[in-house]
Amino acid sequence: MRRVPKSEKGEKTWREIFQSAQDLFLHKGYHKTSVLSISKGARISPATFYQYFGSKDEIFEMILETFQGEFFNLLKSIFESEMTLERKIETLITRVFDTFWNFRSEYKVFREAEFIDNILCLSFHQRIKTILKENGFYSWNDEQLNAVFWFLFGPLFYLAGYWILWNEREVPVKTRENLYSFYMSGMCTQDPETFKVSDKVYDTVEELDFNDEKIINRGEKSKKKLFNSAEYLFGKNGYYDTTIHEIASNAGLSVGSFYLYFSSKYEILSELVKNTSKDLRYVMKVYLSRFNDRRNQEIAALKGFLVFFGQHSKMYGVIRECEFIDRKITLDYYDSLKGPYMIALERAVKAGEVADYDVEILSEILMGIGHILGQSLLILPQGPVDDDKKYLEYLAYFMMLGFPGEKTKNRRAK
């Protein structure tokens, strides 16, 4: 039976076990953390560990429950308050980023838990939306409520992950200031009412040419089969529970053939993510190239993003898992998207189509919206939807105009 620590020595041992697990979850992640490694970190035997905890999952779930409780209390204290809209937004940014930084071990546990358990993630999102709805925060139907949630929490969660978990730094002040301005004023220029998003941005492009017909030699075909097999199996079973033998067998090839092209499972994962970035950029370019104004292009690119990952939904999960395998793969993936994005946004700012933000930060904010949009519509049990236009129309409205308040209309930070 597990021991309930009553003595000072027992409480000290309990705390040391718990702290060891927290440290390992933060630096190694759930899959690479074992009872043995937790015990070594706490300087005890595994037998002693089991006197206090039934498994590493028990500690994992305790951390998760505590984190969620604190987070929802934080949201309620903000949205149920009598503060002005401007003050609520400002407080939300400050408290979320500071809390995630101060409790980054617990935050890392939550990020991994929501990846492992889609039901948990969906429930987490639903509770946030319930708080918004109960407090009348810019929503009067389900489609708009979803749009508000994506617009508000997509950048918050993405920027927190980007800085706190991937770069191991606090979210910079400049990033916070630009995010606040974006929330309050959107991306349009000083006279946003003169611009209307084209209805054609929601159309699907029927023909996309990935040049597959140019793959003519046997080696290229075999390599493509391995990529397709890895995408399917990594997405279905996860990286750690997929073997090289399974990848090769599912592709109709031998393990020896696998090693002709890749030196390891890690290498095929890395190359697969790079190829996905390249193909995604191609699809979004096709979608946005139909328009001249960046504001139309922005929404058209989101449509292209949904179409692409709608056809590669397992790959979207693979990219998400990379965060817990090797954050370098994750950073390289998002940086490969961010570079061209910044160039396009800089041109749009100079053309007067987009407000004068720091374009690197603006690209990260917009990528955060796309990230949570894909998660909601392509990964979680509630998606996909038959018609994403009704969601994108509301989202486009907030992206163009923000949540304008009396004191912050057209106030921008750079």
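Residues numbered from 1 in each chain as written. Predicted model: local features only at pLDDT ≥ 70, side-chain atom pairs only at ≥ 80, totals over all residues. Heavy atoms only, no water.

## Digging into the overall build of the protein
Stated precisely, the cut-off is as follows: Each helix corresponds to a stretch of at least 4 residues labelled H or I by DSSP, and each strand to a stretch of at least 2 residues labelled E; elements are numbered beginning at the N terminus. Any two residues whose heavy atoms approach within 4.5 Å are treated as being in contact. Surface accessibility in these figures is a Shrake-Rupley result with a 1.4 Å probe; residues are shielded only by whichever protein chains are displayed. All tallies of charge rest on Lys and Arg as positive and Asp and Glu as negative; His and the ends of each chain are not included. Charge positions come from single atoms, namely NZ of Lys, CZ of Arg, CG of Asp or CD of Glu.
The helix and strand inventory of the protein stands at 18 helices and 0 strands. Long-range pairs, those at least 24 residues apart, make up 76% of the contacts in the protein with a sequence separation of at least 6. When the accessible surface of the protein is split by element, carbon and sulfur atoms take 49% of a total near 19,300 Å². Across the protein, 56 positive and 58 negative side-chain charges occur, with their mean positions spaced 4 Å apart.

## Structural notes on the packing of helix H4 (residues 56-79) against helix H5 (residues 85-102)
The criterion, for reference: In this description, a line fitted to the C-alpha atoms serves as the axis of each element, helices being fitted only across the stretch in contact, and the angle between N-to-C directions of two axes falls anywhere from 0 to 180 degrees. Reported orientations rely on four angle classes, namely roughly parallel under 35 degrees, roughly antiparallel over 145, roughly perpendicular from 65 to 115, and oblique for the rest. Helix crossings are classified by the rotation of the near helix relative to the far one: an anticlockwise turn of less than a right angle makes the crossing left-handed, while a clockwise turn makes it right-handed. In this classification, the charged set is Asp, Glu, Lys and Arg, the nonpolar set is Ala, Val, Leu, Ile, Met, Phe, Trp, Tyr, Cys and Pro, and all remaining amino acids, among them Gly, are polar.
Two elements in contact, H4 and H5, have axes whose closest approach is 10 Å; the angle formed by their N-to-C orientations is 165°. The angle between H4 and H5 places the two elements in the roughly antiparallel class. In the packing of H4 onto H5, the handedness of the crossing is right-handed. Contact with H4, carried on its side by Phe-67, Phe-71, Leu-74, Leu-75, Ser-77, Ile-78 and Phe-79, involves Lys-88, Thr-91, Leu-92, Arg-95, Val-96, Thr-99 and Phe-100 of H5 and no other residues of that element. Per-class residue counts for the contact of H4 with H5 are 9 nonpolar, 3 polar and 2 charged.

## Structural notes on the environment of Gln-51
Let me state the cut-off plainly: Between buried and exposed lies partly exposed: a residue is buried under 20% and exposed over 50% of the maximum accessible area for its type, with that area taken using a 1.4 Å probe on protein chains only.
Within the fold, Gln-51 resides in helix H3 (residues 46-52). With a relative accessible area of 30%, Gln-51 lands in the partly exposed category.

## Re the pattern of salt bridges
The following threshold applies: A pairing counts as a salt bridge when a side-chain nitrogen of Lys or Arg comes within 4 Å of a carboxyl oxygen of Asp or Glu.
Inspection of every chain in the model, using the stated rule, returns 18 salt bridges. The closest approach of N and O atoms between Glu-323 and Arg-111, which form a salt bridge, is 2.8 Å. Of this pair, Glu-323 sits in the loop between helix H15 (313-322) and helix H16 (327-350) while Arg-111 sits in helix H6 (residues 104-116); the two residues are 212 residues apart in sequence, bridging distant segments of the chain. Arg-111 shares its class with Glu-323; the two are buried. The salt bridge involving Asp-358 is made with Lys-174; its shortest N-O contact spans 3.0 Å. Taken together, the positions of Asp-358 in the loop between H16 and helix H17 (359-379) and Lys-174 in helix H9 (residues 173-185) put the pair 184 residues apart, joining distant regions of the chain. A relative accessible area of 17% means that Asp-358 is categorised as buried. Taken together, the salt bridges that share partners define one network made up of Arg-111, Glu-114, Arg-320 and Glu-323.

## Considerations on the packing of aromatic side chains
Each pair of aromatic rings is reported with the distance of its centres and the angle of its planes. To be explicit about the condition: Here the aromatic set is Phe, Tyr and Trp, taking the six-membered ring for Trp, and pairing holds for ring centres within 6.5 Å; pairs whose planes are under 30 degrees apart are stacked, those over 60 apart are edge-to-face, and all others are tilted.
What the rule picks out here adds up to 48 aromatic pairs. Geometrically, the ring pair formed by Tyr-158 and Trp-166 is edge-to-face, given 5.8 Å between the ring centres and 85° between the ring planes. Here Tyr-158 falls in the buried class, since its relative accessible area comes to 3%. When its relative accessible area of 5% is taken as the criterion, Trp-166 is described as buried. With 4.9 Å between their ring centres and 80° between their planes, Tyr-333 and Tyr-334 make a pair best called edge-to-face.

## A short note on H17
Using the following cut-off: Every helix has an expected span of 1.5 Å times one less than the residues it contains. Any pair of nitrogen or oxygen atoms within 3.5 Å is treated as a polar contact; in protein, a donor-acceptor pairing is required on top of that, and neighbouring residues in sequence qualify only through side-chain atoms on both sides.
Taking 1.5 Å per residue as the helical rise, H17 with its 21 residues ought to reach 30 Å, and the 29 Å between its terminal C-alpha atoms agrees with that figure. For H17, a buried count of 19 out of 21 residues is recorded, marking the element as mostly surrounded by other parts of the structure. The backbone nitrogen of Glu-360 has a side-chain oxygen 3.0 Å away, supplied by the residue at the start of H17, namely Asp-358.

## So, the confidence of the model for the protein
For clarity, the cut-off: Summary of the metric used: pLDDT quantifies the predictor's per-residue confidence within the range 0 to 100.
This prediction gives the protein a mean pLDDT of 88; 91% of its residues lie at or above 70. Mean pLDDT per element in the protein: H6 is the minimum at 84, and helix H11 (residues 244-250) is the maximum at 97. Residue range residues 406-411 is modelled with pLDDT below 50. Its contacts to residues more than four positions away, or to other chains, number 16 contacts.

## What to know about the state of the cysteines
For clarity, the cut-off: Any two cysteine sulfur atoms lying within 2.5 Å of each other are counted as a disulfide.
Inspection of every chain in the model, using the stated rule, returns 0 disulfides. Cys-322 supplies the cysteine sulfur nearest to Cys-121, a cysteine that is in no disulfide, at a spacing of 17 Å.

## Things to note about unusual backbone geometry
Within the chain, Arg-43 stands out as a residue other than glycine whose phi angle is a positive 60°. Checked against the element boundaries, Arg-43 lands in the loop between helix H2 (35-42) and H3. In this structure, Glu-168 is a non-glycine residue whose phi angle is positive, near 55°. Looking at the secondary structure, you find Glu-168 in the loop between helix H8 (142-166) and H9.

## Side note on the environment of Phe-153
The residue Phe-153 is located in helix H8 in this model. Once the C-alpha coordinates of Phe-153 and Leu-92 are considered, the two residues, 61 residues apart in sequence, prove to be 10.0 Å apart. Setting aside anything within four residues of it in sequence, one finds Phe-153 in contact with Phe-71, Leu-75, Phe-79, Ile-128, Leu-132 and Ile-372.

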